[in-house]
Amino acid sequence: MNHDRLIQQFTRVKARPDGLRVECQVISWPHPSRPRSRWVKVETLAANTPEEEISAARLRLLKMPRFFGVCWMCRERQPKGWMHGERVCQACAEAKLGVVY
Ligand SMILES: [Zn+2]
């Protein structure tokens, strides 16, 4: 998934009384076939933060290992919840390693 789509789908900015809250969506699997997602606050920017800095803050989330990993097989960046372990995404694990999801 390219960066723009990851940013749109997995990050968001909420205006709050204390400023602009930068959040990242985290996917977990309490049941194997039913993913659950929740939004985690990462940082709060001043309400008057310029648009470019907001975009930079959202892009920074993509580089955080606790939220995203890069698959060494397809070299795609994926949300942690879509990774099979640290280094391989679920799609590659299924297609190339024979793992069944
Ligand atoms: Zn992959």
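Up top is the structure these notes are about.
Heads up: these notes are all about the structure in this document. All values reported here derive from a predicted model rather than from experimental measurement.

Turning next to the overall build of the chain. A count of helices and strands for the chain gives three helices and seven strands. Dimensions of the chain along its principal axes, counting C-alpha atoms only, are 50 × 25 × 20 Å. A buried classification covers 35% of the 101 residues belonging to the chain. Summarising the internal contacts of the chain: among those between residues at least 6 apart in sequence, 34% fall at separations of at least 24. Per element, the accessible surface of the chain, about 6500 Å² overall, is 50% carbon and sulfur. Looking at charge distribution, the chain has the averaged site of its 18 positive side-chain charges lying 7 Å from that of its 10 negative ones.

The biggest cluster of nonpolar side chains holds 18 residues, and the ones touching the most others in it are Leu6, Phe10, Cys24, Leu45, Phe67 and Phe68. Of all the secondary-structure elements, those providing two or more residues to this core are helix H1 (3–10), strand E2 (19–31), strand E3 (34–45) and helix H2 (51–62). The dominant element in this core, judged by the number of residues it contributes, is E2, at five residues. With near-sequence residues (within four places) excluded, Phe10 lies in contact with Met1, Glu23, Cys24, Gln25, Ile27, Trp39, Phe68, Pro79 and Trp82. Grouped together as the second largest cluster of nonpolar side chains are six residues, Val88, Cys89, Cys92 and Ala93 included.

Here we take up helix H3 (residues 90–97). Residues Gln90, Cys92 and Ala93 constitute the buried set of H3. Axial view of H3: buried residues confined to an arc of 160°, hence all on one face. Every exposed residue of H3 that faces more than 90 degrees away from the buried side is listed here: Ala91, Ala95 and Lys96. Residues of H3 that are buried make contact with E2, strand E6 (83–84) and strand E7 (88–89). Positioned one or two residues after H3, Gly98 has a phi angle of 75°, which is positive.

The rules behind these values
- Residues numbered from 1 in each chain as written.
- Predicted model: local features only at pLDDT ≥ 70, side-chain atom pairs only at ≥ 80, totals over all residues.
- Heavy atoms only, no water.
- Helix = DSSP H or I, 4+ residues; strand = E, 2+ residues; numbered from the N terminus.
- Buried < 20%, exposed > 50% of the residue type's maximum accessible area, 1.4 Å probe, protein only.
- Contact = heavy atoms within 4.5 Å.
- Areas by Shrake-Rupley, 256 points an atom, 1.4 Å probe, with all protein chains shown as cover.
- Lys, Arg positive; Asp, Glu negative; His and termini not counted.
- Charge placed at Lys NZ, Arg CZ, Asp CG, Glu CD.
- Core = buried A, V, L, I, M, F, W, Y, C linked by side-chain atoms within 4.5 Å.
- Arc of directions from axis to C-beta.

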